[in-house]
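So you can see what is in the structure, the chains are spelled out below.
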Amino acid sequence: MKRILFLSILLVAVGWSVRAQPVAPTNVVVFSGDKSAIVHWDLDPGPNLLGYNVYRSTSSGGPFARLNSSLLTSLGYCDLSVSDGQTYYYQVAAVNLSSQTSPPSTTVSTLPAAFASDDAFLDYLEQANFDYFWYTANPANGLIPDRSTAGSACSIASVGFGLTAIGIAIDHGWISRDQGSARVLTTLNTFWNGPQGPNASGDIGYNGWFYHFLDMNTATRSGNSELSSIDTALLLGGVLYAKQYFSGTNASETSIRTEAGAIFDRVNWAWMAPDVPGTNGVRMGWLPNSGFSTFGNWIGYDEGMLIYLLGIGATSNSIPAACWNYWTSGYVWATYYGQSFVTFPPLFGHEYSHSWIDFRHVGDAYMNARNSTYFENSHRAALAQQAYCIADPLGWPGYSSLVWGLTASDDPYGYSAHGAPPAQNDNGTITFTAAGGALAFAPEIALPTMENFYNNGRIRFWTQYGFIDAFNLSAAWYDNAELGIDQGPIVIMAENYRNQNIWRLFMQNPEIQRGLQQAGFVALPFVPLAAQAQPALSTVTLSWPATSNRTYQVEYSTNLVSWFTSPTGEVTATNSIASWTDTGPPGTLTVPLTDTARFYRVFQYGTP
């Protein structure tokens, strides 16, 4: 009897062990750049998962060696010990709480290679940054964490950037359209169906607005988070982009457009702008127990621009157009390092709203009076900040023409909004999204900077989700996290630089068109051009009828779809004819007459 009982117990234990073995990770993908490779896989929904191991071989048949020294808890791994020109093979295995390892995943392979062009680098940069939004998200509700560290709450601004990144990923073929639309619809369902109310807990938002941070699983208010006007606006940027991107007639894409419109129309903009004597300002936030009492108004130049233009353009519970005059009344126009612009020291204020709004060819009364646009304003802010870092008045190590970028980020001492000029909380911390988010405005300085960060710092800076948040050489500090509000502007503004697709789609929303029009923006006129090629000199000279003392801007294209602003093409006329000669870099990307075709256009700054 004892032998039979023992055998029975043994059989039960063996049977349980077999059933509990984790399954092999699925949908493993790998891609590579210069001297690095990134591996990702889908989440194992099993309750007993402990982590993952990644294995590599230089032969498809093995042997495979484990790469990670400790179990991975994220859905990705960046291999920085590869050589260009060598094919590498990868497998991934899951490990459960009983330390049992799954069978290996399907083998995937990649061939690292030096970047053949700027476009090849940008492809790699964008895909890595997109992966933050795809692989850190909760696939059950679409929420995206504020940062990559374990236990992070969802940042609704990260969700807005992520919704936009999904469209970019579809266009590049990193995910399918069906995958993207399913994730977007899941996300919109969460925000449309989540409970709204004034309660201190258990709600996703109130009066159509949403809490800054949400629990990643329950999709309700996290901690003491505020109902945030700016973070709701950044979320809505992604919502309205998705509304335009998913234009198909199938049930999923039809539902996306319906829910995106409903989420936007539910926002009570007027409620967030309570009557305050002498102002028409939108409040920065609201709390369940104290209301608006601890929050000021959005006034003066910063990331809040998106709030006002969407709120003015809304068809229900909108805010009056006079709010725009209140907003601009706080502007400070100043000159630093030869650049005159509306100042806001951290660069994120010059980049967030611009991720969606195309300000290249429109101006309001304030900018028209100064022969500028908000696009050009951001260009000048980036140039001034690079010049500040070259001058390095505080003597921080490393600052140079290729090491610059001050904005809000982690630093060795916490989190702070770093910026310049003028200097604000500059403690030697460089943040990658500052230059990355300036790619669309100032590619002539931002792209070489991003390439320098990768080429000379990838061992410390580069991860499975792109660049880390920040670093500080004076403190020998390198961040251990990536942030959604930093990865988002990088992928979006890289895409806007390359093809303007996000701007092109977002600007089709009637809400933003109404907002711009009612705030007093007018279209800037293009002028008739004459072009004369000089083949012997490999140059092209443009000329056009002009008004003395008026300022003009040259743009060029090779396909009449993607247009680039010439960094040397701002011309102030001195008589009735203005001219500009294209001699190639730095005015344009390549020498004229080397492209199959090159097209030019010129618009006029100032009140038409």
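Residues numbered from 1 in each chain as written. Predicted model: local features only at pLDDT ≥ 70, side-chain atom pairs only at ≥ 80, totals over all residues. Heavy atoms only, no water.

Colleague: Account for the overall build of the chain, naming residues and giving values.
Modeller: In terms of regular secondary structure, the chain is built from 15 helices and 30 strands. Rg of the C-alpha trace for the chain: 26 Å, near the compact-globule value of 25 Å for 608 residues, within the 12% margin. Looking at the 608 residues of the chain, the share that counts as buried comes to 58%. Considering only intrachain contacts with a sequence separation of at least 6, the fraction spanning at least 24 residues in the chain is 67%. (Helix = DSSP H or I, 4+ residues; strand = E, 2+ residues; numbered from the N terminus. Rg over C-alpha atoms; globule rule 2.2 N^0.38 Å. Buried < 20%, exposed > 50% of the residue type's maximum accessible area, 1.4 Å probe, protein only. Contact = heavy atoms within 4.5 Å.)

Colleague: Outline helix α4 (residues 177–193), supporting the account with residue identities and numerical values.
Modeller: Its 17 residues give α4 an end-to-end C-alpha distance of 24 Å, which sits within 8% of 24 Å, the value for a rise of 1.5 Å per residue. Buried within α4 we find Gly-180, Ser-181, Arg-183, Val-184, Leu-185, Thr-187, Leu-188, Thr-190 and Phe-191. On its buried side, α4 packs onto α2 (118–135), α3 (156–172), β10 (209–210), β11 (213–214), α5 (229–245) and α6 (251–266). (Expected span 1.5 Å × (residues − 1).)

Colleague: Any chance you could break down the pairing of strand β25 (residues 530–534) for me, citing the residues and the numbers?
Modeller: Here β25 runs beside strand β26 (residues 539–545); their pairing, made up of five bridges, is antiparallel. Bridge pairing in β26 places Gln-534 opposite Thr-539. Counting the residues between successive antiparallel strands, the hairpin from β25 to β26 contains four residues, one of them, Ser-538, with a positive phi of roughly 55°. (Pairing = 2+ DSSP bridges.)

Colleague: Any details on the environment of Trp-503? Residues and values, ideally.
Modeller: For Trp-503, the position within the fold is in helix α14 (residues 501–506). For the pair Trp-503 and Gly-488, spaced 15 residues apart in the sequence, the C-alpha separation amounts to 15 Å. Those residues in contact with Trp-503 that sit more than four places away from it in its chain are His-354, Ser-355, Trp-356, Ile-357, Asp-358, Arg-360, Phe-375, Ala-440, Met-493 and Asn-496. A polar side-chain atom of Trp-503 sits 2.7 Å from the main-chain carbonyl oxygen of His-354. (Polar contact = N/O pair within 3.5 Å; in protein donor to acceptor, adjacent residues only side chain to side chain.)

Colleague: Got a sec to walk through the packing of aromatic side chains? Specific residues and values, please.
Modeller: Within the structure shown, the criterion is met by 59 aromatic pairs. Ring plane angle 75° and centroid distance 5.0 Å describe the contact between Trp-209 and Trp-269, whose orientation is recorded as edge-to-face. Of this pair, Trp-209 sits in strand β10 while Trp-269 sits in the loop between α6 and β13 (285–286), and the two are 60 residues apart along the sequence. The exposure classification of Trp-209 matches that of Trp-269, with both residues buried. Ring plane angle 35° and centroid distance 5.7 Å describe the contact between Tyr-556 and Phe-564, whose orientation is recorded as tilted. With a relative accessible area of 6%, Tyr-556 lands in the buried category. (Phe/Tyr/Trp six-rings, centres within 6.5 Å; stacked < 30°, edge-to-face > 60°.)

Colleague: Could you give an account of the pattern of salt bridges, naming the residues involved and the relevant values?
Modeller: Evaluated as defined, the whole model comprises 16 salt bridges. Of the charged contacts in the structure, one is a salt bridge between Asp-582 and Arg-598, with a shortest N-O distance of 2.6 Å. Note that Asp-582 is positioned in strand β29 (residues 577–582) and Arg-598 in the loop between β29 and β30 (599–604), a separation of 16 residues in sequence. Here Asp-582 and Arg-598 have matching classes, each one buried. Where Arg-598 meets Asp-595, a salt bridge forms, and the shortest distance between an N and an O atom there is 2.8 Å. For Asp-595, a relative accessible area of 24% gives the class partly exposed. Taken together, the shared-partner salt bridges in this structure form one network comprising Asp-119, Asp-123, Glu-126 and Arg-498. (Salt bridge = Lys/Arg side-chain N within 4 Å of Asp/Glu carboxyl O.)

Colleague: Go over the sheet that holds β26 with me, naming the residues and quoting the values.
Modeller: The strand order β25-β26-β29 describes an open sheet built from three strands, whose pairing is antiparallel. In this open sheet, the two edge strands, each paired with only one partner strand, are β25 and β29. Going across the sheet, the axis of each strand differs from the next one's by a mean of 20°, ignoring polarity. One ladder, built from six bridges, connects β26 with β29; its direction is antiparallel. The residue bridging Val-540 from the neighbouring strand is Asp-582, located in β29. (Axes fitted to C-alpha atoms, helices over the stretch in contact; angles between N-to-C directions.)

Colleague: Which residues make up the confidence of the model for the chain, and what are the values?
Modeller: A residue-level look at the chain finds 96% of positions with pLDDT of 70 or above and a mean pLDDT of 95. Under a pLDDT of 50 for its full length, residues 1–19 has, in the predicted model, two contacts with residues more than four places off or in other chains. (pLDDT = per-residue confidence, 0-100.)

Colleague: Provide a residue-level description of the pairing of strand β27 (residues 551–557), including the pertinent values.
Modeller: Extensive coverage of β27 is indicated by the burial of seven of its seven residues. Summarising the sheet, β27 and strand β28 (residues 563–572) pair through six bridges and their orientation is antiparallel. The residue bridging Tyr-552 from the neighbouring strand is Val-571, located in β28. Once β27 ends, the chain turns through five residues before running back antiparallel as β28, passing Leu-560 with a positive phi of about 65°. For β27 and β30, the ladder comprises six bridges, and the chain directions are antiparallel. Within β30, the residue paired with Glu-555 across the bridge is Arg-601.

Colleague: Summarise the sheet that holds strand β1 (residues 29–33); cite the residues concerned and give the values.
Modeller: With antiparallel pairing, three strands are arranged side by side in an open sheet as β1-β2-β5. This sheet does not close on itself; its edge strands, each paired only once, are β1 and β5 (76–79). Pairs of neighbouring strands in the sheet enclose a mean axial angle of 15°, with direction left out of account.

Colleague: Got a sec to walk through the environment of Ser-155? Specific residues and values, please.
Modeller: As for its position among the elements, Ser-155 is in strand β8 (residues 154–155). Taking the C-alpha atoms as reference points, Ser-155 and Leu-483, separated by 328 residues in sequence, lie 9.5 Å from one another. Once residues lying within four places of it in the same chain are set aside, the contact partners of Ser-155 are Ile-144, Pro-145, Asp-146, His-212, Phe-213 and Ile-485.

Colleague: Requested: an account of the side chain of Asp-231, with residues and values cited.
Modeller: Note on placement: Asp-231 falls in helix α5. The buried charged residue Asp-231 lacks any salt bridge partner; its closest oppositely charged side chain belongs to Arg-147, at an N-O distance of 12 Å. When near neighbours in sequence (up to four residues on either side) are disregarded, Asp-231 contacts Ile-156, Ala-157, His-212 and Glu-226. (Lys, Arg positive; Asp, Glu negative; His and termini not counted.)

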